[in-house]
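# Breakdown of the fold
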Amino acid sequence: MLELKDLRARLSLEGAPDRDILNGVTLTVPAGEVHAIMGPNGSGKSTLSYLLAGRPGYEATSGSAHFLGEDLLALEPEARAAKGVFLSFQYPVEIPGVPVMTFVRAAMNAQRTSRGEAEISAPDFLKKSRAIAERLRMDPDMLKRPLNVGFSGGEKKRLEIYQMLMLEPRLMILDETDSGLDIDALRIVSEGVNALRSPDRAMLVITHYQRLLDHIRPDRVHVLSAGRIIASGGPELALRLESEGYDALIAGAG
Amino acid sequence: MPDVKENIEAGTIEAVRGLEADRYSEGFVTDIEQELAPRGLTQETVRFISAKKEEPEWMLRWRLDAFERWQEMEEPDWALLSYPPIDYQDAHYYAAPKNASKYKSIDDVPKEILDTYAKLGIPLREQEVLLGVEGAKETAAAARETPRVAVDAVFDSVSVATTFKEELARAGVIFMSFSEAVREHPDLVRRYLGTVVPPTDNFFATLNSAVFSDGTFVYIPKGVRCPMELSTYFRMNARGSGQFERTLIIADEGSYVSYLEGCTAPMRDENQLHAAVVELVALEGAEIRYSTVQNWWPGDSEGKGGVYNFVTKRGDCRGARSRISWTQVETGSAITWKYPSCILRGDDSVGEFYSIAVTNGRQQADTGTKMIHLGRNTRSRIISKGISAGRSNNTYRGLVSVHPRASGARNFTQCDSLLIGSSSGAHTVPYIENRRADAQLEHEATTTRLSEDQLFYARQRGLGEEQAVALLVNGFVRDVIQKLPMEFAVEAQKLLEVSLEGSVG
Amino acid sequence: MSSSLSASAPLLDARSSGLLARLEAMDPSPSRLRAREAFARTGLPHRRIEGWRWSDVRAALSRPPAGGATDAPATPLAGGSGLAFGEGGLTAGELAVSSWTRGVSENEARVPDVGALGWLAEALALDGADITLAPGAQPLALVFSGREGDRFVHLRIRVPQGVEAQVAESHLSGGGFSSVRVDYVLEAGASLHRSVFLAGGAECVQAAVASVRLAPGARFHQTFLSLGAGLSRLETALTHEGDGSEAVLDGAYLLGEGRRTDVVTRVDHLGVGASTRQLVRGAVKSGGRGAFQGRFHVARHAQKTDARMQHHALLLEEGAEVNAKPELEIYADDVQCAHGATTGALDEAALFYMRQRGLPLAQARALLTLSFIASALESAPSGPREALLGEAERWLTGA
Ligand SMILES: Nc1ncnc2c1ncn2[C@@H]1O[C@H](COP(=O)(O)OP(=O)(O)OP(=O)(O)O)[C@@H](O)[C@H]1O
Ligand SMILES: [Mg+2]
């Protein structure tokens, strides 16, 4: 479903010299599977997720990324979203003055329109929103507040998952969705995520901790270090990392 | 030669329309026979206008005095605006559809004019209003729930129709064109005219005092809550003409009125001058809410044509516990020079100013407010949101002044500017003068651009770039939009979107 | 618009023409002539000229002296090495390490607009100096004082590449009209702290005008304390000419009966990524009048500018007056600019709290006012910081 081949990326930001962040990432996520990506701070995990979502400034210098056979890198971010790419941000952005519901409804309808589907009616939207908020144990008043503004770290993460459940994407990239969540929230959010697991969806879960993977069982685990995947394996790889740390692995790969 | 029919240079209009047509949908011209004052401005022009309006002698005197003073005044140059010198002799100071003053009922109003207002979304037939703009499809029950709005429609220099006059009269509310009021309620007009904006207040107000054409007069009697929204739609149609309307609203003790002003003009490749004066008087315990959606033709993207909007608007909270609030959405005009103000004379009176000013293309806006605290425990609040795109310049200019008698005065000011693209300018020029130790004044201002992170976040969720910008801008101006009457909030939001089209990417 | 001004302005008031007539006797240099021309555009400024609304020099100078001139006040800013300018010009001078010459050499072409009184000082300066601060130089002390007549001084101070230095200026007048202009030029990576103390009698008109030019990476930090004068104007025109320079423009004013001050700054951001921080605080008693006019101008290409302006004032008693005009003029989009301004009275709740714990009202007020003011002085380096804070405390407690 998602196919990355020798993906290399350079970061070009105004006022800073260009930097190579990804040094050839090759990765295939078949439909229906969940892959975890782990790796030390600064190894390029978020960069990979931004690259796949099309954040301006993050450009692939070579290699390719295909989603359902289509060249992802050639598309505008909103076109990727309409194809079903959803990124749960490591640091969700605050948007003052725009209530959550207004935002999500505008996004949902924009996606539907670009797929040639009819817009969702207001009552249907409300019904769906209410059901999902309930499932995530969210205070419905939260959805009337401006997007992410003044939300706690955990609330923001929960709101990302709310949006994911509302938009029902096909490729879900969760960038450290577990950070900031308390123990109960972690379980609730994971249940929400698991509910979306299906044979026609795929998922990339970026995390530092095994405890998330206890809830969202990955099919494969990859270790990213210095912009390269240095190890891949089954769920047991994550357990090994938890007890041994990255150093041994990196030394072995070096 | 008063009844010259102006020929419209179809070619030019078409060319301009081609450039901007999708952006400015109000830019069409109504083809109707015009009556114009001869080009130029002399005592004779003033007499001509006064005669056309069949005014009493005192009104003519008032105009002539103003004209005399105006000739000695100099055009102000302190605003952050630049435009070529205006030739005040090169315009018509009066333009009216032929026989306009004779319209006795709505049925006499020519179809072209009714169509013009219908096209602008402003129904002038009361039954249409009752049924909603969409027409008879809606049920009568639903129609009763839609808020009704009484309209005074000013077409160039004359008021062509005023709706719901009778129903309002039953509540004791006087709502009519200014010209009619001069004839029918001369005592009220004389008592209040020029008491908030004196005839010699400033260059443009004085010009208006000499040549004002038409506008709206409103009087709300003691204790009356005006049963519906009142509004005036100004339409500049004639070529080479200016519009100089005069509005006077008096809210007597304990009364309430909400008033909306809308303006549009055709696309012309020349600059049209608009110099209006609005005076509000709120007596003890009265409240006036004045909202403006200003969408005069801004000129094309190269800065050709567009309305020069030099407006003096001032409210006088004359009585204790009175309240005046100005809400404005300014998206049009090539040049905007406008400072709706409040004189907080009565103790415990409240003044508010909520503003959204959008400039794009080569537009220039210098706008803000003055809050003059004279009475005790007077309070004021200023929220200004400026958005600059294209190669435009947008300035907030404001004054908060607390006089020695104004014990316990309070002001809060928030000015935010948003820059879209790197060729525009955003400026903030507040003046704060405090002469009371127990007054408390707070002023905050920020200037930022649309954040790349926010844009990307919205696009990641599937919104197109323009839509994402519109959404973010709507968030930016939300505090102010919420102050508009419901039915205009939607219109204002659409207008913002249209004004900012093509500002990114 | 300024060109039309110069065309239509030649009708100078008598006092201004009188002042300029002195030039004829001087065999003026081209820069003096240029300064004269700039001054003649307005003559002595008055309140109808934008920027002079709250300091009407023309009116102040047209009041006949009531014979209340006093000796010049003392300054808390000590300095081992320096120059002192009195009524007759330079009266004492010794500069330990730095090099200097008497008088100011021909000005470079590009001169920041320093306003009418700055131009006047340049045109008519009786005395002046051109100073280059050397590495490791002691803090430089400059004292300008006098009690009558007109006194004009013009200095230029250069801080060479990479040099870190300190200058302390004291502007002390008992009476008369004085204008001192100092042009600071900071080369790349140079760093300068300027402290300024101003105090004057109720009859004097006193101006301290500085232009500051910052080359890339230069750092300029200013801290002032003004006790006002009949009319006192502290004017600073600072230009970030290159990238990545930093400016801090802090200071405080304390004004009693018959004292006025107008703190005016104009900051131009021309380079990329420069920053400006400004915090001005004031406290005013009955009969005093304070004004703050700040202006940040960010040019189109000055992206990544970070500029913040704050002005906060207390009106300690009825009869006090505070005016402010914090202005932003921004032509670049990728910037962070903000300003905040407040005026009001001391916090009643805090006053009550302190009195409840036994402090007398007057002392509670002084303490609260001092802590309010202090944050605008505290960023000064040790030395000037204690001196200015001490002076503020003396003023507040009447000691
Ligand atoms: N906007 C930026 N400006 C400068 N450097 C950046 C930027 N974004 C990413 N980098 C650098 O790129 C490298 C990879 O960053 P990235 O955010 O992808 O790491 P990560 O693996 O997600 O780390 P973490 O586990 O801490 O979230 C880091 O060294 C980071 O500092
Ligand atoms: Mg990361």
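This text follows the structure it describes.
Note on numbering: residues in each chain are counted from 1, in written sequence order. Chain letters start at A and ligand numbers start at 1, both assigned in the order the entries are written. Local features in this predicted model are restricted to residues of pLDDT 70 or higher, and side-chain atom pairs are both shown and tallied only at a pLDDT of 80 or more, whereas totals for entire chains, interfaces and linings draw on every residue. Note that the side-chain values use all heavy atoms of the structure and ignore hydrogens as well as water.

### Comments concerning the overall build of chain B
Helix numbering and strand numbering both begin at the N terminus, where a helix is a DSSP run of H or I of at least 4 residues and a strand a DSSP run of E of at least 2. Regarding its fold elements, chain B presents 13 helices and 24 strands. A simple rule labels every residue: compare its accessible area, found with a 1.4 Å probe on the protein chains alone, to the largest value its type can have, and call it buried under 20%, exposed over 50%, or partly exposed in between. Here chain B holds 505 residues, and 65% of them are scored as buried. When checking whether two residues touch, look at their non-hydrogen atoms; a contact exists if any pair is within 4.5 Å. If you take every contact in chain B between residues at least 6 apart in sequence, the share linking residues at least 24 apart comes to 83%. Of the roughly 17900 Å² of accessible surface on chain B, 47% is carried by carbon and sulfur atoms. Residue-level accessible areas treat just the shown protein chains as cover; the underlying method is Shrake-Rupley with a 1.4 Å probe.

### A look at the overall build of chain A
When helices and strands are counted, chain A shows 9 helices and 10 strands. By the compact-globule yardstick of 18 Å for 254 residues, chain A fits well, its C-alpha radius of gyration being 18 Å. Out of the 254 residues belonging to chain A, those deemed buried represent 54%. Sequence-distant contacts, at least 24 apart, represent 68% of the contacts inside chain A between residues at least 6 apart. For chain A, the accessible surface area stands at approximately 10900 Å², while carbon and sulfur atoms represent 50% of it. Neither His nor the chain ends is counted toward charge; the positive residues are Lys and Arg and the negative residues Asp and Glu. Every charge is mapped to an atom, namely NZ of Lys, CZ of Arg, CG of Asp or CD of Glu. Positive and negative charge centroids in chain A, built from 30 and 34 side chains respectively, lie 3 Å apart. A radius of gyration in this sense is built from C-alpha atoms; the matching globule rule multiplies 2.2 Å by the number of residues raised to 0.38.

### Let's talk about the pattern of salt bridges
Residue and element names in this part refer to chain C. The term salt bridge refers to a pairing of a side-chain nitrogen on Lys or Arg with a carboxyl oxygen on Asp or Glu at a separation within 4 Å. Summed over the entire model, instances satisfying the criterion amount to 62 salt bridges over all chains. Note that Asp 56 is salt-bridged to Arg 47, the shortest N-O span being 4.0 Å. The class for Asp 56 is buried, based on a relative accessible area of 16%. The network of salt bridges with shared partners includes Glu 50, Arg 295, Lys 325, Glu 327 and Glu 329.

### Concerning the sheet that holds strand β10 (residues 228-233) of chain A
Residues and elements named next belong to chain A. Pairs of strands are assigned from DSSP output, requiring at least two bridges between the strands. Spatially, β6-β7-β8-β3-β9-β10 is the arrangement adopted by the 6 strands of the open sheet, whose pairing is mixed. The open sheet has two free edges, formed respectively by β6 (85-88) and β10, since each of these has just one partner strand. Sheet twist, expressed as the average angle between the axes of neighbouring strands with direction ignored, equals 20°. By the bridge criterion, 4 bridges tie strand β3 (residues 34-38) to strand β8 (residues 202-206) in an arrangement that is parallel. For Val 34, the partnering residue across the bridge sits in β8 and is Met 203. In the packing of helix α5 (residues 153-167) onto the sheet, contacts are made with β6 and β7 (171-175), and the angle to β6 comes to roughly 165°. Axis geometry follows a simple rule: fit a line to the C-alpha atoms, using only the stretch in contact for helices, then measure angles between N-to-C directions, giving values from 0 to 180 degrees.

### Some words on the interface of chain B and chain C
Contacts between chain B and chain C engage 35 residues on the former and 35 residues on the latter. Buried area, as used here, totals the accessible surface that two parts lose on assembly, with accessibility defined by a 1.4 Å probe and the loss added over both. Here chain B and chain C share an interface that buries about 2900 Å² over both sides, 47% of which is from carbon and sulfur atoms. In this structure, the salt-bridge partner of B:Glu433 is C:Arg53, at a minimum N-O distance of 3.2 Å. Think of a polar contact as two N or O atoms within 3.5 Å of one another; within protein, one of them needs to be a possible hydrogen donor and the other a possible acceptor, and neighboring residues in sequence only count if both atoms come from side chains. Where chain B meets chain C, there are 23 residue pairs in polar contact (both at pLDDT 80 or more). Elements with a minimum of two residues in the side of chain B that touches chain C: β21 (393-402), β23 (425-434) and β24 (440-449) of chain B. By residue class, the composition of the side of chain B that touches chain C is 13 nonpolar, 14 polar and 8 charged. Just so you know the grouping, Ala, Val, Leu, Ile, Met, Phe, Trp, Tyr, Cys and Pro go in nonpolar, Asp, Glu, Lys and Arg go in charged, and all remaining residues, Gly too, go in polar.

### Let's talk about the environment of B:His373
All names here are of chain B. Looking at the secondary structure, you find His 373 in strand β19 (residues 370-373). Sequence spacing of His 373 and Leu 344 is 29 residues, and the spatial spacing of their C-alpha atoms is 5.0 Å. When sequence neighbours within four positions are dropped, the list of residues in contact with His 373 reads Leu 344, Thr 378, Arg 379, Ser 380, Val 400, Ser 401, Val 402, His 403, Ala 406, Ala 409, Arg 410 and Asn 411. At 2.8 Å, the side chain of His 373 and the side chain of Ser 380 are in polar contact.

### Re the side chain of B:His443
With respect to the element layout, B:His443 can be found in strand β24. For B:His443, a relative accessible area of 4% puts it in the buried group. Only 2.7 Å separates the side chain of B:His443 from the side chain of C:His339, close enough to count as a polar contact. With residues up to four places along the chain from it excluded, the contact list for B:His443 reads B:Thr413, B:Cys415, B:Pro430, B:Ile432, C:His339, C:Gly340 and C:Ala341.

### Here's the deal with the sheet that holds strand β2 (residues 19-29) of chain A
Residues and elements named next belong to chain A. If you walk across this open sheet you meet the 4 strands as β2-β1-β4-β5, and the pairing is antiparallel. With one partner strand each, in any of the chains shown, β2 and β5 (70-71) form the two edges of the open sheet. Of the pairings in the sheet, the one linking strand β1 (residues 2-11) to strand β4 (residues 58-67) comprises 8 bridges and is antiparallel in character. Bridged to Arg 10 within β4 is Glu 59.

### Quick look at the coordination of the magnesium ion (ligand 2)
By definition of the ideal shapes, a tetrahedral metal site with four donors has angles of 109.5 degrees and an octahedral site with six donors has angles of 90 or 180 degrees. Residue and element names in this part refer to chain A. Atoms are scored as donors when they are N, O or S and lie within 2.8 Å of the metal, with 3.2 Å used for Na, K and Ca; no water is included, so coordination may look incomplete. For the magnesium ion (ligand 2), the protein coordination sphere consists of Ser 46 (OG) and Gln 90 (OE1), at 2.0 to 2.1 Å. Placement of Ser 46 in helix α1 (residues 45-53) and of Gln 90 in the loop between β6 and α3 (100-114) is noted, with a sequence separation of 44 residues between them. Each of the two residues, Ser 46 as well as Gln 90, counts as buried.

### What to know about the pairing of β21(B)
Residues and elements named next belong to chain B. Most of β21 is tucked away: 10 of the 10 residues are buried. Here β21 shows two buried faces, one formed by Asn 393, Thr 395, Arg 397, Leu 399 and Ser 401 and the other by Asn 394, Tyr 396, Gly 398, Val 400 and Val 402. Here β19 runs beside β21; their pairing, made up of 4 bridges, is parallel. Paired with Met 371 across the bridge in β21 is Val 400. Two strands pair when backbone bridges link them, and β21 and β23 are joined in this way by 10 bridges, in the parallel orientation. Its bridge partner lying in β23, Thr 395 is registered against His 427.

### Brief notes about the site of ligand 1
All names here are of chain A. We call a residue near a molecule or strand when any one of its heavy atoms sits within 4 Å of it. Every one of the 16 residues lining ligand 1 counts as a neighbour, but Gly 42, Lys 45, Ser 46, Thr 47 and His 208 are closest to it. Taking Gly 42, its main chain carries an N or O atom lying 2.9 Å from an oxygen atom of ligand 1. Measuring from an oxygen atom of ligand 1, one finds a side-chain N or O atom of Thr 47 at 2.5 Å. Summarising the interface, the protein chains cover 67% of the accessible area of ligand 1, which totals 630 Å² for the free molecule. Elements that contribute at least two residues to the shell around ligand 1 include exactly β2 and α1.

### Concerning the nonpolar core
For soluble globular proteins, the rule of thumb is that nonpolar side chains tend to be buried together. Put simply, buried Ala, Val, Leu, Ile, Met, Phe, Trp, Tyr and Cys residues joined by side-chain atoms within 4.5 Å make one nonpolar core. With 113 residues, the main nonpolar core has A:Leu2, A:Leu4, A:Leu52, A:Phe103, A:Tyr162, B:Ile387 and B:Leu463 as its most contacted residues. At 9 residues, helix α12 (residues 465-481) of chain B tops the list of elements feeding residues into this core. Once residues lying within four places of it in the same chain are set aside, the contact partners of A:Leu52 are A:Leu2, A:Leu4, A:Ala65, A:Leu72, A:Arg80, A:Val85, A:Ile173 and A:Leu204. Listed in part, the 60 residues of the second largest apolar core include C:Leu186, C:Leu234, C:Val267 and C:Leu328.

### Description of the environment of C:Thr276
All names here are of chain C. Examined against the element boundaries, Thr 276 turns out to sit in strand β15 (residues 275-284). According to the relative accessible area criterion, Thr 276 is buried, its value standing at 0%. Separated by 31 residues in sequence, Thr 276 and Ser 245 have C-alpha atoms that sit 8.6 Å apart. With near-sequence residues (within four places) excluded, Thr 276 lies in contact with His 240, Ala 247, Leu 249, Val 267, His 269, Phe 296, Asp 306, Ala 307 and Arg 308. In terms of polar contacts, Thr 276 uses its side chain to reach the side chain of His 240, at 2.9 Å.

### Notes on the packing of aromatic side chains
Residue and element names in this part refer to chain C. For this analysis, a ring pair means two rings from Phe, Tyr or Trp (six-membered ring only for Trp) whose centres lie within 6.5 Å, classed as stacked if their planes differ by under 30 degrees, edge-to-face if by over 60, and tilted for the remaining angles. Evaluated as defined, the whole model comprises 30 aromatic pairs over all chains. Centroid distance Phe 152 to Phe 177: 5.5 Å. Interplanar angle 90°. Geometry classified as edge-to-face. You can see Phe 152 sitting in strand β6 (residues 150-159) and its partner Phe 177 sitting in strand β8 (residues 177-186), a full 25 residues away along the chain. Take Phe 152 and Phe 177: they sit in the same class, and that class is buried.

### Looking at helix α8 (residues 235-244) of chain A
Residues and elements named next belong to chain A. For α8, the complete set of buried residues consists of Leu 237, Ala 238 and Leu 241. The buried residues of α8 occupy an angular sector of 100° when projected down its axis, which confines them to one face. More than 90 degrees from the buried face of α8, the exposed residues found are Glu 236 and Ser 243. This arc describes the spread of directions from the helix axis toward the C-beta atoms.

### Re the pairing of β3(A)
Residue and element names in this part refer to chain A. Within β3, 5 of the 5 residues are buried, which leaves the element mostly enclosed by the surrounding structure. Of the two faces of β3, the one carrying Val 34, Ala 36 and Met 38 and the one carrying His 35 and Ile 37 are both buried. The sheet contact formed by β3 and strand β9 (residues 220-225) spans 4 bridges and is parallel. Bridging from a neighbouring strand, His 35 pairs with Arg 220 of β9.

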